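Chain and residue survey
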Amino acid sequence: MPKPEHFVAPFDENEMAEVDKVKLNEKPSNLWRDAWRSLRTRPLFYLSLAAVLVIVLMALFPTLFTHVSPTDDCQLANSNGGPAAGHPMGFTRQGCDVYARVVWGARTSLTVGVLATVISGVIGIITGALAGFYGGWVDSVLSRIGDIFFSIPYILAAVVIMTTLADYRSVWTLAFAIGGFAWASLARILRSEILRVKSGDFVMASIATGRTRFKTLLSHVLPNSMTPVIVYLTISLGGAIVAEATLSFLGVGLGPSVMSWGNDISAAQSSLRTAPMTLIWPSIFLTVTVLAFITLGELVRDALDPKARARG
Amino acid sequence: MTQESTPVTDTHEPLVSVQDLQIGFQTGNGFVQAVKGVSFDIFPGETVAIVGESGSGKSTTATGLMDLLPSNGRITGGTVMFNGKDLTKVSKSEMVGIRGREIGYVPQDPMSNLNPVWNVGFQVREAVLANGMAKNKKDADKRVVEVLKEAGLADAERRVKQYPHQFSGGMRQRVLIGIGLAADPKLLIADEPTSALDVTVQRVILDHLESLTREKDTALLLITHDLGLAAERASKVIVMYQGKIVESGPSLELLQNPQHPYTKRLIAAAPSLASQRLKSSRVEVAEAPQGDEIDLVAAAAHRHDVVEHADHAGTPAIEVKDLTKVFSIRRGSFRSEPFTAVDKVNFTVPRGTTMALVGESGSGKSTVAKMVLGLETATEGEIFVAGKDATVLTGKEMLEHRRRMQPVFQDPYGSLDPMQSIGSIIQEPLDVHKIGDRKSREQRVNEVIDEVALPRTVLSRYPNELSGGQRQRIAIARALALKPDVVILDEAVSALDVLVQAQILQLLADLQEELGLSYLFITHDLAVVRVVADDVAVMEKGKIVEHGSVESIFSNAQTEYTQKLLDAIPGANIPLGA
């Protein structure tokens, strides 16, 4: 084995950088600006955002979309009629304009969806956060309660509740029936995320500065655990809209006088063979809405995740 | 032995000859060249070490040799001649035959490189069978035990049935070395094989690796960030920087007579070598800095002067009396056993000085730190910070107490909240303690960011935009925001690259001088202790086994354990001459 020679690279060949020099892009960044920068490049984002905006506008100002009344302009002569001038989607069995009913139905579907999601979100976040952060008996009690709710299929529970409360059917009771039983899986997801986050050194650093444990939970642990929650909530918003439709379809949702996509789908089933479009149109709106919310949720999660945005 | 194996040592043909190797990665920001034309030879039976910081391309070079690059990486030029074949051109299936059989590999992290659901014997057998070292099951079983015995596991027959979690880190690394050597390869590539292990275990493992490779005449390519370790173990050292070789040569010559400014800089910043220089010169070092701005020896000597004048008479910054912590460890679902993690620990940190608490993993040093910080309650004993017993404080008094004492943690990636801007991270302690109004808090944040020598523009940034060293500066700035008397540094520099580590150590020394801080420095690395601390307490299994000034411990260790730790510092026995 020959003795290795002592090789020295020419000094000027590798310019020595200053040790650990601060390399920053000129533009200062913040969380939301960075998220926006990443979202801007995704065509799917514009698509789903547009769909969501249209549906929200529909729910807030249905008259922007149609001047035909979904209830007053019904003429039995038009029963199950095909598309006609000014009535692009045809008529229902009762002779009402399908397009007008779909537009007006967005409000109920969206309200129930948002309310149910808020209710399950609030219950799920509180129980999941407390169980994960404090552990011990708090965790045992809250997790067992969650398990009980988890073991009841929430559609079944909602059916039972809506049947019992048949006299008080409203958007609120429906939202409570759906949201009140859907929070357990959110609590579970958040609990495990909190368990992961709370072991981080920055949590210990915060407690060491003298911040109370509860305030540390609010200011550090919870914000860092929110990404799966955001995704879950947008998905469950879609799920709640579907649940409303399901319950209405089963006849235990809102009263038949209320306009909602679920009620329309339910009413259309009797004339499925003669006029399939009366069922298909509200279904398409339902599907597009649910898909738009879920896609938006996933995109926002990707964009908000700071770990995925690390810059060289 | 078949004819193929040619372990002829007097041949002048290199076993591996790397010529102008270039490797690049396809990333989000385009194609990035990681290795820019690297050439070196490895002769049969020779040990060669590649040294460099993270990002220098040293691991990429090693994985490139074996065609184990991640999917976005590819060799863009050069040749790797091995046994008459160019490894950059051989087919995938040919490469499979070479890997393991002719080139063995020992990965970095013994904790994650064994599959936790299979027993150890199964995993070794996999390697044995894949390399065709046994024809049937019986032969394979026999060979597995042999491999583990060679790797230094005493009761290998019993051990084969056990699972990785029943093995300590050192034992797992032995298994991985066994797997790497199972097929008697001609070349073994070891990528930071011991950086996850305690120093004493590291020493044993490296000794074993050395004797094994010598016995079998295996060439060893050692990838490491530790210049001292490289020089101690290898006959030839290659220093890489930004994808290129800046200097290579016989290890001793390279250390004693470095030519390239980068190598000089590395040597000046390596704590193990610096402490060697401190020990050998044993004078108030006044020599010109070896590299450029960073020189640990100069920094340590300067700090030593300052601390001489520190206030030893007044109330000590920290005084710990008979501190004990007993955990109850779960055994099964209902029983639990008491486990004494910290056992009657006593020490004192005089104001304005640095006390190092040294020990291997599991010695209880971090538990002491947490108790002093009030993050764990003490089972017994007293902790006086500036004369006040911290173990009995509650509510407002505790808050006041926390203000005087701030921590800096090990992991610069985990200790900063990724969702908050740097400015609000540093301001948090001021908000918690309601100090001043908004304007004065902002002003204080600007002051401390100046103190840690970072530009004010970073305040609006987020942690993910900064490097590890810069994050650690932020963590130090946060600790300083409240103007504490005591800073507890829990392995605060262990996760950093050598040069950055030296920079942070220097910063800590400067801050101590300017602000009169007292440090409790928790570390596993005695080499670092040598350059930063005034007093040392050595912990073993929850007890302080030795306690004294840095000088006395390093020159005259009383216990066998301390001596073992000292001997295990890589590069501790290299005569540096100069």
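Throughout, residues of each chain are indexed from 1 in the direction in which the sequence is written. Note on labels: chains are lettered from A, ligands numbered from 1, in written order. Whole-chain, interface and lining totals are the exception, using all residues; otherwise, since this is a predicted model, local features are given only for residues with pLDDT of at least 70 and side-chain atom pairs are given and counted only at 80 or more.

1. Some thoughts on the overall build of chain A
Quick reminder of the rule: The secondary structure listing takes helices from DSSP runs of H or I that are at least 4 residues long and strands from runs of E that are at least 2 residues long, numbered from the N terminus. Every C-beta atom is placed from the backbone, and the number of other C-beta atoms within 10 Å of a residue's own sets its class: buried at 20 or more, exposed at 12 or fewer, partly exposed in between. Here contacts are defined at the residue level, using C-beta atoms placed from the backbone and a cut-off of 7 Å between them.
Per the secondary structure count, chain A includes eleven helices and one strand. When burial is assessed residue by residue, chain A has 42% of its 312 residues classed as buried. Of all intrachain contacts in chain A linking residues separated by at least 6 positions in sequence, the fraction that spans at least 24 positions is 70%.

2. Considering the overall build of chain B
Helix and strand content of chain B: 21 helices and 20 strands. Oriented by its inertia axes, the alpha-carbon framework of chain B measures out at about 80 × 55 × 50 Å. Of the contacts made within chain B by residues no fewer than 6 positions apart, 70% connect residues no fewer than 24 positions apart.

3. Brief notes about the pairing of strand E3 (residues 47–51) of chain B
Residue and element names in this part refer to chain B. In plain terms, the rule: Pairing between two strands requires that DSSP report at least two bridges joining them.
Within E3, five of the five residues are buried, which leaves it mostly tucked inside the rest of the structure. Taking every second residue as pointing to the same face, both faces of E3 are buried, with Thr47, Ala49 and Val51 on one and Val48 and Ile50 on the other. Pairing of E3 with strand E8 (residues 219–224) involves five bridges; the strand directions are parallel. Looking across to E8, one finds that isoleucine 50 is bridged to isoleucine 223.

4. Some words on the sheet that holds strand E18 (residues 518–523) of chain B
Across a sheet, strands are paired by hydrogen bonds formed along the backbone, either parallel or antiparallel in direction. Residue and element names in this part refer to chain B. For clarity, the threshold we go by: The axes used here are C-alpha line fits, helices contributing only the stretch in contact, and every angle between their N-to-C directions lies in the interval 0 to 180 degrees.
In space, the six strands of this open sheet follow the order E16-E17-E18-E13-E19-E20, with mixed pairing throughout. Each having just a single partner strand, strand E16 (405–408) and strand E20 (543–549) make up the two edges of the open sheet. Recorded for the sheet is a direction-independent mean angle of 15° between the axes of neighbouring strands. Note that strand E13 (residues 354–358) and strand E19 (residues 535–540) share four bridges and pair parallel. Along E19, the bridge assignment pairs valine 358 with valine 538.

5. With respect to the sheet that holds strand E6 (residues 103–106) of chain B
A sheet is described by the order of its strands in space; here seven strands give the open sequence E1(A)-E10(B)-E9(B)-E3(B)-E8(B)-E7(B)-E6(B), paired in mixed fashion. The sheet is open, and its two borders are formed by strand E1 (7–8) of chain A together with E6 of chain B, each paired with just one other strand. As judged from the four bridges shared by E6(B) and strand E7 (residues 187–191) of chain B, these two strands associate in the parallel manner. When the sheet's bridge partners are listed, B:Tyr105 is paired in E7(B) with B:Ile189. Across the sheet, helix H10 (residues 261–269) of chain B is in contact with strand E9 (236–241) and strand E10 (244–250) of chain B; its angle to E9(B) comes to roughly 105°.

6. Remarks on the environment of B:Lys321
Residues and elements named next belong to chain B. Its location among the elements puts lysine 321 in strand E11 (residues 318–331). The exposure class of lysine 321 is partly exposed, given the 16 C-beta atoms found within 10 Å. Residues lysine 321 and valine 345, 24 residues apart in the sequence, show an inter-C-alpha distance of 6.5 Å.

7. Overview of the pairing of E13(B)
All names here are of chain B. Counting buried residues in E13 gives five out of five residues, a clear majority hidden from the surface. Here E13 shows a buried face lined by Thr354, Ala356 and Val358 and a second buried face lined by Met355 and Leu357. Of the strand pairs in this sheet, E13 and E18 are connected by five bridges, and their pairing is parallel. Bridging from a neighbouring strand, alanine 356 pairs with phenylalanine 521 of E18.

8. Considerations on the confidence of the model for chain B
Put simply, the test is: For every residue, the predictor states its confidence as a pLDDT score lying anywhere from 0 to 100.
In the predicted model, chain B carries a mean pLDDT of 83, and 90% of its residues have values of at least 70. Interface confidence for the predicted complex, given as ipTM, is 0.75, next to a pTM of 0.80.

9. A look at unusual backbone geometry
Residues and elements named next belong to chain B. Phi is positive for aspartate 20, which is not a glycine, with a value near 50°. On the basis of neighbour counts, which here come to 11 C-beta atoms within 10 Å, the residue aspartate 20 falls in the exposed class. Backbone geometry at lysine 434 places phi at a positive 50°, although glycine is not the residue there. The topology assignment puts lysine 434 in the loop between helix H15 (422–432) and helix H16 (438–451). In this structure lysine 434 comes out as exposed when scored by C-beta crowding, with 9 C-beta atoms within 10 Å.

10. Some details on the packing of helix H8 (residues 201–208) of chain A against helix H9 (residues 213–250) of chain A
Residues and elements named next belong to chain A. Under the convention used in this document: For classification purposes, an angle smaller than 35 degrees is called roughly parallel, one larger than 145 roughly antiparallel, one from 65 to 115 roughly perpendicular, and anything else oblique. Two helices cross in a left-handed way if the nearer one is turned anticlockwise from the farther one by less than a right angle. They cross in a right-handed way if the turn is clockwise.
At a minimum axis separation of 10 Å, H8 and H9 run at an interaxial angle of 140°. One way to sum up the angle between H8 and H9 is to call them oblique. Here H8 runs over H9; the crossing is right-handed. For the pair formed by H8 and H9, the contact residues are Phe202, Val203, Ser206 and Ile207 on the first element and Arg213, Thr216, His220 and Val221 on the second.

11. Brief notes about the packing of helix H7 (residues 183–198) of chain A against H9(A)
All names here are of chain A. To keep things clear, this is the line we draw: Each residue gets one label: Ala, Val, Leu, Ile, Met, Phe, Trp, Tyr, Cys and Pro are nonpolar, Asp, Glu, Lys and Arg are charged, and the others, such as Gly, are polar.
Running from amino to carboxyl end, H7 crosses H9 at an angle of 145°, the nearest separation of the two axes being 9 Å. Crossing angle aside, the handedness with which H7 passes H9 is right-handed. Residues Leu186, Ile189, Leu190, Glu193, Ile194, Val197 and Lys198 of H7 form the contact with H9, whose participating residues are Val221, Asn224, Ser225, Pro228, Val229 and Tyr232. The residue inventory of the contact of H7 with H9, partitioned by class, reads nine nonpolar, two polar and two charged.

12. Quick word on helix H18 (residues 498–515) of chain B
All names here are of chain B. Test applied: Expected span of a helix: the number of residues minus one, times 1.5 Å.
Here H18 contains 18 residues, and its C-alpha end-to-end distance of 25 Å stays within 8% of the 26 Å for a straight helix at 1.5 Å per residue. Those residues of H18 that sit buried are Val498, Leu499, Val500, Gln501, Ala502, Gln503, Ile504, Leu505, Gln506, Leu508, Ala509 and Gln512. Phi for glycine 516, located one or two positions after H18, is positive at around 65°.

13. Section: the environment of A:His6
The topology assignment puts A:His6 in the segment before E1. A count of 15 C-beta atoms within 10 Å places A:His6 in the partly exposed class. Each residue touching A:His6, except ones within four places of it in the same chain, is listed here: B:Gly249, B:Pro250 and B:Glu253.

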